[in-house]
Amino acid sequence: MSDQNRSAESPPPPQEFGDATPARGFGALVLRRFLRNRMAMVSLFLVLLLWLGTVVAIGLGPLPGLWKHDYSTLYPQHAGGRATLSLLPVWLGGEGIGLGEHPFGQSRIGQDYFAMTMRGIQNSVFVMVVIGGAGTVVGTVIGAIAGYYRGWVDAVLMRMTDVFIVIPTLVIGAVVGRTAGGLGIWFLAVLLALISWMPVARLVRAEFLSLREREFVEAARVGGAGNARIIAVHILPNAVGVVIVSGTLLAASAILLETALSYLGYGVQPPEVSLGRLISDNQSAFATRPWLYWWPAVFIVGLALLVNFVGDGLRNAFDPRQHRFRLRRTPGTRGGGRASSRAAAPPATEPENRSER
Amino acid sequence: MLAGLAAGALALSACSTDDGGGGAAGSRSITIAATNPLTSLNSNNSEGNLVENGMVQFLTNQSSSFGYGSFHILDENFVLDPQEQIGSVEQLSEDPLRVRYTLAEDLEWSNGEPITNIDMLFAWLVNSGWADDAELDADSGEVTGGTVYFALAGSTTGLDTTDMPELGDDGRSLTLTYAEPYVDWELVNPIDLPAHVMADEVDMTLEELETFIREIPRGDPAAPAQVNAPLRAIADFWNTGYSGNEMPEDERLTVASGPFKVVDMVPMQSVTLQKNDRYPGADDIQFDELVIRFIGDANAQITALRNEEVDAIYPQASADTLTALEDLDVTILTGDEVGYDHLDLNFASEPFRDRDTREAFLRTVPRQQILDSIVKPVNPDAEVLNSQIFVPENAPYAESTARNGYDAFTEPDLDRARELLGGATPTVKILYNNENPNRVDSFQAIKNSAEQAGFVIEDGGSPDWSQLLSAGDYDASIFGWSMPGIGSASLPQLFTVGGGGNYNNYSNAEVETLVDESQRSLDPARVEEIKVLIDTATATDRFGLPLFQLPGIFAHNDRVVGIEYFGGQQNIIRNAPEWSLSAQ
Amino acid sequence: MVSFLVRRLIVSVLILLAASFIMFVLAANSGDPLQDLRTTNAPNREQLIAQRSEVLRLDLPVPLRWANWLGGATGCLVPGAQLCDLGRTISGSAVLTVLPTAMSSTVVLVTGATVFAVILGVLVGVITALRQNTPFDLGVTLFSFFLYSLPSFLIAVLLKEFIAIRFNDFLVAGGRLSPGMVLGVGAVFGGAVALFSRGTRRRRWALFAIAAAASAATLGGLSLSGWFVDPGLGPVGLGLGVLGTAAVTVLLMDAWRGRLRWVTGGAALAGLLGCLLVQGALERGSWPIIFGVVFGFLGAGILGGFLAGGQERATAARIGGVVLTAAGLLAVVDRFIREWPAYVANPRVSGRPIATVGSETPGLTGDLWTVGMDRFTHLLLPTMALMLISFAAYTRYSRAGMLEVLDQDYIRTARAKGLPERTVIARHALRNTLIPVATIVATDIGSLLGGAVIAEHVFAIPGMGQLFNTSHRLVDLNPIMGYFLVIAIMAITFNILADLAYAALDPRVRVRG
């Protein structure tokens, strides 16, 4: 509970009071730490590469892609719909390295499965980014207001958070997904974001509760800054670590949430595709036409893994004493908050960010 | 420590089961998997009207007018198969239509009570709606006054014109007299749940129940009477007393007339049926116990079959299901289901008021391609369905297809479509269930083809398609009908103005007359002729296109012998009493 | 304390109210409960639709229907009075009768998964923290990230394929491992040990050889003696188990000194003898006998330790109690394992014990051991599927926690005092690592309940998740809300418990009224 304890683990406070930006040194430090984390860097690079790859292959919106097929047109069955991708060179007894007509095979009515998988990656990444982004924004706003104003505002907002957290994400996601699935992927992603912001809100609130007691906030207030300005300009930049990290982990769990929902049939609805949808549609192909099952599965696991690595790297970058617990609950007690507030779960963000699978 | 926890977890897991006797009865037992769990032991009321409930009651009694414990079942060609050991049916006269039902001698319910014509009287009371005096709102079907006693899943049509039946003095026969001819009179099956159980429910003897029923006046919606309290109690018991997924403590609920009786139910898991030794054909049944396990996921069913947890399955059919099963050492049976998917055109919509546009659109539908990609992988012998009324198992199918001209629409004819459109590019919104992969794929195929002819296709896919179906905000719809495979009662639903299933606002005076005639005709040949005429007339009106019959797959291991494919509602268990265990 | 609880409860009820409203409205708007009726061409379609509309009160606006539901549910708060009414399902079963049966499977599933995930997760997490930055640590970290990113239905399908089908095939084929398999497992095990250890390359190679040979020999011996077909702990297994428990106890309590050595040794010996003695009594499975054995051992251990402990009788009694209870439990487990051949041979099981669907074999009857074994073979895979996912989180959490704790001043103090490393870890570090893990259990329960929806679907377990999923498909509100009530109350209870546990474990947190 002590402030000594606290300050040892938080980003160092900015040196110049009233300055709009946190110390540049800190940002640079974080960036350097992150850049030095090879695993996270490689992961981030791979995620971006994968996404760019899909854009190059099948285009995005009005942008045309290079790949000869698109994901919704039906093509005549080629080689019985089998995957034509060949990675074994001829001298190893294979058919030579080549893509063939339909590298990942064809769906049963003849759509090109490679294009569908690429489209699925785009949509899954889209859902992930929207849930991660919108969820983080909503969570940050609620957490910031609650943590800054404390008192009844805090109580109301946190009880509201509790209301949403009482229902497992997958369950409320299934209910929401069923409503939204048919209305398009945008709608689905935004609605899912509206039910997954809670962990972010709790962590941001905890951070705000602590930061608002700092001297630089007091100084800004004395300097005549309004509440909104203090929140946005003085505290938020200092809480940016928590925001980014919890947002990234939220995004990682969002991929699995979308997958799980689609698996149960409540997510993205055809003819639109997503990785989860593809797996769900081709479950029974598991043993018989494995390429229909395993390609999307590989991409789901890969994406989730990479985003998790990025999140982990970011966390380490923001909190150099990596993987550390802060063995204390919320500092809010000091300010009259409830000692037992659940919002004070340890800030290592994993469990709260997990989607139920 | 770990060991302790293991024991602890075990203790937790075992505490809900009680000790029982030895369990070596498994050797003459057959286990099959079904998709949905049992919810009720009475499938004939509106709550219990689910396929799985019906399958159980088909074996124990009678469900949707078929059952081994009643007068008839369907054979593999959807033809009535009389159950002589239960009783016989005899048409006494045509005008007025009089039919006599006679039970076989010495029939007993599974609890030893005799099966008599009072049981038939009760079945008639339930299915005729005799006492109902409710006034129904014509549009919504809601009750606006009076009482509906038995909440039937089926319809009272036909029996509602009968008079109070005459009971034979031998206690085994009952005669029905119809005020109007009724086309489906042969499907009437006056055996239902046991009358003595109902009598018991209201503390009457069987004789008192008989007198009580005989004294009930015919309900008159114009002058609703006071609610008849004992009848209300009986009806409530019939309506809701059999619902539930746990083994009932009340033994009356499992009294059976058929070859099997329910002896155990584990909620959402399984139901166990045991041979009913009082069934007249019991000695011919070669096994003692039938267990139906509920496994929702098709792949889980296949794994369970592979792991020998079940002996037979009928999973949702797909090419992958079939291939997965082919890799196992099991027998696979494929065929068609009676339900079929079809494309309907909304006659009230802007583009399709015009017959030429309708025809142009239908000309673009690649029915063969849809069949090839959806059905053929499962059932290589499948052919495009060419009738809105018959399935190929029905004898008149051949004649009807020869006349209705659907076969000209097997392959798309884009040139003809363009010609008919004359350069117009109508926008067509297609409604379908986008949670059903078959419909999604049909839609994709139709869209691809129709756009080449100049149509602009709007994707109307929605999980709420069923609500949207009656709202009419679409130009075409793809959905499926589930059919009983026999009978003519659905004709007015589909093809007359105001019919409950006429979502596409079809209207043709000539067809109306034909439908009307069909419902009152007693001559099977004439009924079939009328149906062929209707099939042809609707086809000529470019009503829409039948697409395909859903494929079905059964698979069983070599423990079981005698399973036959059946695409109707009774599904895999249609010939269950004929199964046997292979000698191993 | 009391006023804290009261306040929490009042707030919880309000939260529950609001959440139930949200859930009800969302679920009611998620689909059409009349869908199946609209597409039937039954002649009395309208009437069927009207009947169901009336039963479900579809004529009322959604908030009113919620109020209706709430009215019935509030009745459940009055104990004794028969007012409780959670409505009926579309097919007419009372939700109140459907819920308890559904709960039993899910509670076992979630409890089992949590218990095993916590134990294994903390164990592996602590070990990797102690061996930070070894290849072993890196491997486990990567593996847990991998598990963490794996959709649970994928895990489930793989488990079915490799544990159920392949293992059953293996049993049917005679239950003998191939030499290649034995050597392979030995090599993997040896490799893990070698990577785990610290020291020179040479030492590692030696360790690899020893561990690989030992494990391959054990496995080969078990395989040749037909152990997989007719398993049991046997006197050797029991002896190792009891001695192991004694060793761990001594380590944790730091009791390898003076008289306590003799007490521990005596307890181990007595436990082993006791195990062999009660075997006959355990033949018949019944709860009184099992409880009698376990508590008898517990009592005997405490009493013996107390009497023999001399000045340190309190510690001695604890040691005696722990060691003998472990012995009693081992005896029970041994008896349970010995049920295996009879269970496998049961005609209803017909040689393929590990099940892929359901939570019990229909029609199987027998004593506690048989039924217990049946439950075990059915719930093994779904529990594993759920566990593997949580396991990853617990591993990462306890690893992080341990590293954090090891860096604390009081650990340095303890080391500076000259305490042996194992005492420092066992007595000081471990306990403090466990504190935050306790609170994570609460949040994890929520995700496990969500995960159960999928696991129960894939394994056809008739639990709460399955109830939710099937009801949700039909837009059947009453069972959905019944499901909601149970999980929401569970979530709230666990959170209150976590707060209390936190307060109890961590003296720095006070619960204020």
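Source: prediction; values computed, not measured.

A short note on the overall build of chain A
The helix and strand inventory of chain A stands at 13 helices and zero strands. Listing each helix as α and each strand as β along chain A from the N terminus yields α-α-α-α-α-α-α-α-α-α-α-α-α. Residue burial in chain A is summarised as follows: out of 357 residues, 60% are buried. Long-range pairs, those at least 24 residues apart, make up 70% of the contacts in chain A between residues at least 6 apart in sequence.

Here we look at the overall build of chain B
Helix and strand counts for chain B stand at 17 helices and 20 strands. Taking 584 residues into account, the globule formula puts the C-alpha radius of gyration at 25 Å, and chain B, at 26 Å, falls close to it. Within chain B, the proportion of its 584 residues that are buried is 54%. Taking the intrachain contacts of chain B between residues at least 6 apart in sequence as the baseline, contacts between residues at least 24 apart amount to 67%.

Looking at helix α6 (residues 169-180) of chain A
In this model α6(A) runs 15 Å from its N-terminal to its C-terminal C-alpha over 12 residues, within 8% of the 16 Å that 1.5 Å per residue would give. Burial of α6(A) is extensive: 12 of the 12 residues sit out of reach of the surface. Of the residues making up α6(A), those classed as buried are A:T169, A:L170, A:V171, A:I172, A:G173, A:A174, A:V175, A:V176, A:G177, A:R178, A:T179 and A:A180. Packing partners of the buried residues in α6(A) comprise α7 (185-194) and α10 (227-264) of chain A together with α1 (2-28), α17 (421-459) and α18 (464-474) of chain C.

What about the pairing of strand β17 (residues 476-481) of chain B?
Judged from the six bridges that link them, strand β14 (residues 331-345) of chain B and β17(B) form a sheet pairing that is antiparallel. When the bridges of β17(B) are listed, B:H342 appears paired with B:F479.

Notes on the environment of C:G296
Residues and elements named next belong to chain C. Among the structural elements, G296 can be located in helix α12 (residues 287-308). On the basis of neighbour counts, which here come to 16 C-beta atoms within 10 Å, the residue G296 falls in the partly exposed class. C-alpha of G296 to C-alpha of L324: the two residues are 28 residues apart in sequence and 9.1 Å apart in space.

Some thoughts on the sheet that holds strand β5 (residues 98-103) of chain B
In sheet architecture, strand pairing relies on hydrogen bonds along the backbone and comes in two forms, parallel and antiparallel. Residue and element names in this part refer to chain B. Ordered in space as β4-β5-β9-β8, the four strands form an open sheet in which the pairing is antiparallel. The outermost strands of the open sheet, each flanked by one partner alone, are β4 (87-93) and β8 (166-167). By the bridge criterion, five bridges tie β5 to strand β9 (residues 173-177) in an arrangement that is antiparallel. Bridging from a neighbouring strand, V99 pairs with L176 of β9. Sitting on the sheet, helix α3 (residues 117-128) is in contact with β5, β8 and β9, with an inclination near 30° to β9.

Here's the deal with the packing of helix α8 (residues 198-211) of chain A against α10(A)
All names here are of chain A. Between α8 and α10, whose axes approach to 9 Å, the crossing angle comes to 160°. Relative to α10, the element α8 is oriented roughly antiparallel. The handedness of the crossing between α8 and α10 comes out as right-handed. Residues P199, V200, L203, V204, E207, F208 and L211 of α8 form the contact with α10, whose participating residues are I235, N238, A239, V242, V243, S246, G247 and L250. Counted by class, the contact of α8 with α10 contains 11 nonpolar, three polar and one charged residues.

Description of the packing of α6(A) against α10(A)
Residues and elements named next belong to chain A. Between α6 and α10, whose axes approach to 10 Å, the crossing angle comes to 60°. Here α6 is positioned oblique relative to α10, judged by the angle of their axes. The handedness of the crossing between α6 and α10 is right-handed. Mapping the contact onto sequence places T169, L170, G173, A174 and G177 in α6 and L257, A260, L261 and L264 in α10. A class-by-class count of the residues in the contact of α6 with α10 yields six nonpolar, three polar and no charged.

Observations regarding the confidence of the model for chain B
Residues and elements named next belong to chain B. Within chain B, residue pLDDT values average 86, and 93% of them lie at 70 or more. Between residues 1-26, whose pLDDT stays under 50, and residues either more than four places distant or in other chains, the model counts 50 contacts. The ipTM assigned to the predicted complex is 0.78, against a pTM of 0.80.

Notes on the nonpolar core
Counting residues in each nonpolar core, the largest one holds 390 residues, and the members touching the most others are A:I131, B:I430, C:V323, C:A327, C:L330 and C:A488. Take this core: its biggest share by element is 21 residues, from helix α15 (residues 368-406) of chain C. Core analysis: the second largest hydrophobic core is formed by seven residues, C:V182, C:A194, C:F208 and C:L219 among them.

Considering α8(A)
The first and last C-alpha atoms of α8(A) sit 20 Å apart over 14 residues, in line with the 20 Å expected at 1.5 Å per residue. Burial analysis of α8(A) places 14 of its 14 residues in the buried class, which makes it a mostly covered element.

As for unusual backbone geometry
Residue and element names in this part refer to chain B. Cis geometry is found at the peptide bond from D95 to P96, where omega equals 0°. Tracing the backbone through its elements, the reader meets P96 in the loop between β4 and β5. For F78, which is not glycine, the phi dihedral falls at a positive 65°. Among the secondary structure elements, F78 is positioned in the loop between β2 (72-74) and β3 (80-82). The residue D203 is not glycine, and still its phi comes out positive at about 55°. Considering the arrangement of structural elements, one finds D203 in the loop between α4 (195-201) and α5 (206-214). A count of 9 C-beta atoms within 10 Å places D203 in the exposed class.

Considering the pairing of strand β1 (residues 29-34) of chain B
Residue and element names in this part refer to chain B. Here β1 lies mainly inside the structure; six of its six residues are buried. Burial along β1 is two-sided: S29, T31 and A33 facing one way and I30, I32 and A34 facing the other are all buried. Of the strand pairs in this sheet, β1 and strand β12 (residues 289-294) are connected by six bridges, and their pairing is parallel. Directly across from T31, in β12, lies its bridge partner V291.

Quick look at the confidence of the model for chain A
Residues and elements named next belong to chain A. Across chain A, the average pLDDT comes to 73, with 71% of residues at or above 70. For the stretch residues 1-23, pLDDT sits under 50, and the model shows 35 contacts to residues farther than four places along the chain or on other chains. Counted against residues more than four places away or in other chains, residues 321-357, with its pLDDT under 50, gives 116 contacts.

Here's the deal with the environment of A:V217
All names here are of chain A. Tracing the chain through its elements places V217 in helix α9 (residues 215-222). What makes V217 buried here is the crowd of 21 C-beta atoms within 10 Å. Sequence separation between V217 and N123 is 94 residues, and the spatial gap between their C-alpha atoms is 42 Å. With residues up to four places along the chain from it excluded, the contact list for V217 reads L211, R212, I230, H234 and I235.

A look at the environment of A:L63
Along the chain, the position of A:L63 falls in the loop between α3 (38-58) and α4 (113-149). Taking the number of C-beta atoms within 10 Å as the measure of exposure, A:L63 has 9 and is therefore exposed.

Rules of the game
Residues numbered from 1 in each chain as written. Chains lettered and ligands numbered in written order. Predicted model: local features only at pLDDT ≥ 70, side-chain atom pairs only at ≥ 80, totals over all residues. Helix = DSSP H or I, 4+ residues; strand = E, 2+ residues; numbered from the N terminus. Buried ≥ 20, exposed ≤ 12 C-beta atoms within 10 Å, placed from the backbone. Contact = placed C-beta atoms within 7 Å. Rg over C-alpha atoms; globule rule 2.2 N^0.38 Å. Expected span 1.5 Å × (residues − 1). Pairing = 2+ DSSP bridges. Axes fitted to C-alpha atoms, helices over the stretch in contact; angles between N-to-C directions. Parallel < 35°, antiparallel > 145°, perpendicular 65-115°, else oblique. Left-handed = near helix turned anticlockwise from the far one by under 90°. Nonpolar A, V, L, I, M, F, W, Y, C, P; charged D, E, K, R; others polar. pLDDT = per-residue confidence, 0-100. Core = buried A, V, L, I, M, F, W, Y, C linked by C-beta atoms within 7 Å.

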